[in-house]
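# Architecture and fold: a report
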Amino acid sequence: MKKGLVRNTIKELRKRKNLSQQELGVRVGATRQTINAIEQEKYAPSLELAFRIAREFDTPFEDVFKFTA
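Note that the structure is predicted; figures quoted are calculated from it, not measured. (Residues numbered from 1 in each chain as written. Predicted model: local features only at pLDDT ≥ 70, side-chain atom pairs only at ≥ 80, totals over all residues. Heavy atoms only, no water.)

Looking only at helices and strands, the protein chain has 5 helices and 2 strands in total. Listing each helix as α and each strand as β along the protein chain from the N terminus yields β-α-α-α-α-α-β. The C-alpha atoms of the protein chain give a radius of gyration of 11 Å, which matches the 11 Å a tight globule of 69 residues would have. Based on the C-alpha atoms only, the size of the protein chain along its principal axes is roughly 40 × 25 × 20 Å. The buried share of the protein chain, taken over its 69 residues, is 33%. If you take every contact in the protein chain between residues at least 6 apart in sequence, the share linking residues at least 24 apart comes to 59%. Carbon and sulfur atoms provide 51% of the accessible area of the protein chain, an area that totals close to 4800 Å². Computed over 14 positive and 9 negative side-chain charges, the inter-centroid distance for the protein chain is 6 Å. (Helix = DSSP H or I, 4+ residues; strand = E, 2+ residues; numbered from the N terminus. Rg over C-alpha atoms; globule rule 2.2 N^0.38 Å. Buried < 20%, exposed > 50% of the residue type's maximum accessible area, 1.4 Å probe, protein only. Contact = heavy atoms within 4.5 Å. Areas by Shrake-Rupley, 256 points an atom, 1.4 Å probe, with all protein chains shown as cover. Lys, Arg positive; Asp, Glu negative; His and termini not counted. Charge placed at Lys NZ, Arg CZ, Asp CG, Glu CD.)

In structure tokens form, the structure reads like this:
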């Protein structure tokens, strides 16, 4: 079975809101290191964290995260 990849637009959305990784992490209950790993697509967030991130940007989940097979 081929493993997929979770892609995201967090970095672009975060920069538009002029937020640091630390500030975003505080707002969504994650560490700066976790936000960094998610942005670099080295880590796929839990579903709960992914929804909190999308809600923070007031953006539909599907516009923040994409799954590619």
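Once the structure has been displayed, the description carries forward.
It is worth spelling out the packing of helix α2 (residues 21-28) against helix α4 (residues 47-56) at this point. The interhelical angle for the contact between α2 and α4, taken along N-to-C directions, is 110°, at an axis separation of 9 Å. Put simply, α2 runs roughly perpendicular to α4. Once α2 is placed against α4, the crossing between them reads as right-handed. Contacts between α2 and α4 involve Leu24, Arg27 and Val28 on the former and, on the latter, Leu49, Arg52, Ile53 and Glu56. Counted by class, the contact of α2 with α4 contains 4 nonpolar, no polar and 3 charged residues. (Axes fitted to C-alpha atoms, helices over the stretch in contact; angles between N-to-C directions. Parallel < 35°, antiparallel > 145°, perpendicular 65-115°, else oblique. Left-handed = near helix turned anticlockwise from the far one by under 90°. Nonpolar A, V, L, I, M, F, W, Y, C, P; charged D, E, K, R; others polar.)

Scanning all chains against the criterion turns up 2 aromatic pairs. Plain terms: the ring middles of Phe51 and Phe61 are 4.4 Å apart, the flat faces sit at 25° to each other, and that makes the pair stacked. A residue pair is termed long-range when its members are at least 10 positions apart, and Phe51 in helix α4 and Phe61 in helix α5 (residues 61-64) qualify at 10 residues. Assessed through its relative accessible area of 40%, Phe51 is described here as partly exposed. Every member of this aromatic cluster is reached through a ring pair, and the members are Phe51, Phe61 and Phe65. (Phe/Tyr/Trp six-rings, centres within 6.5 Å; stacked < 30°, edge-to-face > 60°.)

Moving on, we come to helix α3 (residues 32-39). When we look at burial in α3, the residues that qualify are Ile35, Ile38 and Glu39. Along α3, the residues classed as buried sweep out an arc of 100° about the axis, all on the same side. Elements in contact with the buried residues of α3: β1 (5-8), α1 (10-16), α2, α4 and β2 (65-68). Once α3 finishes, Glu41 follows within two positions and takes phi at roughly 60°, a positive value. (Arc of directions from axis to C-beta.)

Let's shift gears to the side chain of Thr59. If you trace the backbone, Thr59 turns up in the loop between α4 and α5. Of the polar contacts made by the side chain of Thr59, one reaches the backbone oxygen of Phe57; its length is 2.8 Å. In this view, Thr59 contacts Leu13, Ala54 and Val64; residues no more than four positions away in its chain are not counted. (Polar contact = N/O pair within 3.5 Å; in protein donor to acceptor, adjacent residues only side chain to side chain.)

Geometric values such as these leave the question of function open.
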